[in-house]
Amino acid sequence: MYPIDNTIEIDFIETPSRLESFCKQIEGSEWLAIDTEFLRESTYFPKFCLLQIANTDQVACIDPLAIQDLSRLFEVLYHPGSTKVLHSGRQDLEILFNIRGYPPGPVFDTQLAAPLLGYVDQISYGALVSEVLGVDLVKAHTRTDWSRRPLSPAQLNYAGDDVFYLAQVFLKMRAQLSSLGRIEWLADDFAALLNPENYQNPPEDAWRRIRGSQTLNPQSVSILQSLADWREKVARRSNLPRNWIIKDDALLSIARMNPSHEVELKTLRGVHERTLKRYGNQILELVEKARKSPPLVPDIQSRTVRKSTQHEVLINVLVGVVHHIALENSLNATTLAPKKELELLVSGNLENKLLHGWRKAMVGDKLLSILEGETMLSIRDGGLRFESGNTDQRTDRAS
């Protein structure tokens, strides 16, 4: 046992018997704050190194490297009567998804909830703890190799802090959200975290994660899609990082050049000799095949946002509406509706976060109604007012 503060100690669990005892103690908890430590610098799949769990009166670090059978723990962790509390929990849920095939629910993600209380979007854990609790966390072990044993008391305290303070942040945030009647607003966002598609990484979609793909012509997109699909399968099969097979910028260069011979590949920056030796022929074969095929997603250029003077006018109008709604709800306007999302909405792209989750109910539906002419804006008594528009005389959205 290692002290974490004056009242609670952190328990390091590395034997099945101690794990069984701990599971009995936390069974039936209304909620459990959880966090994971892992490494993925040299692997495709993250290496699970430590699991931290806390409830109202216990904190533990569980060693999955020492305990081979975690089924008893997962019985408790996956119980639907217990809310799993996380901060920016996608990577933690990915770890559990890889083990069990599905993530544990229900969940409460403090990073997703923070904007509803006026905190900035995508706030870090340390910043949130500082804002909510006035505690500045120690950052000494952010680069720790969590696969090495033994772990020092300082490392365990650092790991334990992650769930000890997460629990306190959760309790305060939950109380505030309840008093404002906003708990239910987060239901869709939390449910989305449990969608298995978030963690499956299908090879055919791997190209979407490569920055710069939107600048390619259709033939180059087809080549990139084929190469990224191939790299994903190789990386997964060999459990190696994608960039260890071939880097993103090299894939983009190949897609742009559309090479037919190895001598052309050799001229490309980022395509190393060892890559050519091992995969050169495969790459050229993939390029040749993709050259004759249309891209899996047609009209790739439509994903870019076209701007015009009229677009800018509409965006500025919507910015004013967002500020009005944010002021009424004591929220940060930039967090409520980032300008990038407004640009997507004005351009006709409905796949943005303003039309999903709590933002849809608070601001997204209203903005869309204004753009479609169903809601009119007016100024009365020194304030902005929304009125039903004449549906027979809708204003066309700029194009």
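See above for the structure.
Here's a quick rundown of the structure. (Residues numbered from 1 in each chain as written. Predicted model: local features only at pLDDT ≥ 70, side-chain atom pairs only at ≥ 80, totals over all residues. Heavy atoms only, no water.)

**Comments concerning the side chain of Ser378**
- With respect to the helices and strands, Ser378 occurs in strand S8 (residues 375-380).
- Using a relative accessible area of 17% as the deciding quantity, one classes Ser378 as buried.
- Not counting chain neighbours up to four residues away, the residues in contact with Ser378 comprise Gly383, Leu384, Arg385 and Glu387. (Helix = DSSP H or I, 4+ residues; strand = E, 2+ residues; numbered from the N terminus. Buried < 20%, exposed > 50% of the residue type's maximum accessible area, 1.4 Å probe, protein only. Contact = heavy atoms within 4.5 Å.)

**Regarding the pattern of salt bridges**
- Per the stated rule, a full pass over the model turns up 19 salt bridges.
- When the shortest N-O distance is used, the salt bridge between Glu94 and Arg40 registers 3.2 Å. Placement of Glu94 in helix H3 (residues 90-100) and of Arg40 in the loop between strand S3 (31-39) and strand S4 (47-54) is noted, with a sequence separation of 54 residues between them.
- For Arg40, a relative accessible area of 28% corresponds to the partly exposed category.
- Among the charged side chains, a network of salt bridges with common partners joins Glu20, Glu27, Arg72 and Glu75. (Salt bridge = Lys/Arg side-chain N within 4 Å of Asp/Glu carboxyl O.)

**Side note on the pairing of S8**
- When S8 meets strand S9 (residues 383-388), the two strands line up antiparallel, connected through 6 bridges. Each residue of the ladder has a partner; that of Leu377, found in S9, is Phe386.
- Following S8, the chain reverses through 2 residues before pairing antiparallel with S9; Asp381 in that reversal takes a positive phi of roughly 55 degrees. (Pairing = 2+ DSSP bridges.)

**A closer look at the packing of aromatic side chains**
- Under the criterion given, the structure shown has 10 aromatic pairs.
- An aromatic cluster of three or more residues is present, and its members are Trp31, Phe108, Phe170 and Phe190.
- Across from the ring centre of Tyr78, 4.5 Å away, lies the NZ or CZ of Arg100, which sits over that ring. (Phe/Tyr/Trp six-rings, centres within 6.5 Å; stacked < 30°, edge-to-face > 60°. Lys NZ or Arg CZ within 6 Å of the ring centre and 35° of its normal.)

**Some details on the nonpolar core**
- The biggest cluster of nonpolar side chains holds 91 residues, and the ones touching the most others in it are Ile53, Ile62, Leu77, Leu336 and Leu367.
- Here this core takes 12 residues from helix H6 (residues 153-180), the largest share from any one element.
- Non-local contacts of Ile53, meaning those with residues more than four positions away in its chain, are made with Phe22, Ile26, Leu32, Ala33, Ile34, Gln58, Val59, Ala60, Ile62, Leu73, Leu77 and Val163. (Core = buried A, V, L, I, M, F, W, Y, C linked by side-chain atoms within 4.5 Å.)

**What about the side chain of Glu232?**
- Among the secondary structure elements, Glu232 is positioned in helix H8 (residues 218-238).
- Glu232 gets classed as buried once you look at its relative accessible area, which sits at 1%.
- Residues within four places of Glu232 in sequence aside, it is in contact with Tyr44, Asn201, Pro203, Ala206, Arg209 and Arg242.

**Some details on the state of the cysteines**
- Taken as a whole, this structure holds 0 disulfides when the rule is applied.
- Here Cys23 is not disulfide-linked; the sulfur of Cys61 is the nearest cysteine sulfur, at 14 Å.
- Cys23 gets classed as buried once you look at its relative accessible area, which sits at 0%. (Disulfide = S-S within 2.5 Å.)

**Observations regarding the packing of helix H13 (residues 309-328) against helix H15 (residues 339-346)**
- Closest axis-to-axis distance for the H13/H15 pair is 10 Å, and the angle between their directions is 125 degrees. Considering their axes alone, H13 and H15 lie oblique with respect to each other. Here the hand of the crossing between H13 and H15 comes out right-handed. On H15, the residues touching His311, Glu312, Leu314, Ile315, Leu318, Val319 and Val322 of H13 are Lys339, Leu342, Glu343 and Val346. (Axes fitted to C-alpha atoms, helices over the stretch in contact; angles between N-to-C directions. Parallel < 35°, antiparallel > 145°, perpendicular 65-115°, else oblique. Left-handed = near helix turned anticlockwise from the far one by under 90°.)

**Notes on helix H10 (residues 248-257)**
- Every buried residue of H10 is accounted for by Ala250, Leu251, Leu252, Ile254 and Ala255.
- Those residues of H10 that are buried are in contact with H8, helix H11 (262-266) and helix H12 (273-291).

**A word on H6**
- For H6, with 28 residues, the first-to-last C-alpha span of 40 Å sits near the 40 Å given by 1.5 Å per residue.
- At Gly160, H6 shows its largest kink, close to 30 degrees.
- At the C-terminal side of H6, Gly181 shows a positive phi close to 70 degrees. (Expected span 1.5 Å × (residues − 1). Bend = angle between axes of the 7 residues up to and from the residue.)

**Let's talk about the environment of Ile246**
- Considering the arrangement of structural elements, one finds Ile246 in the loop between helix H9 (242-245) and H10.
- Considered as a pair, Ile246 and Arg208 are 38 residues apart in the sequence and their alpha carbons are 16 Å apart.
- The contact partners of Ile246, leaving out residues within four places of it in the chain, are Trp230, Arg231, Leu251, Ile254, Thr275 and Ile283.

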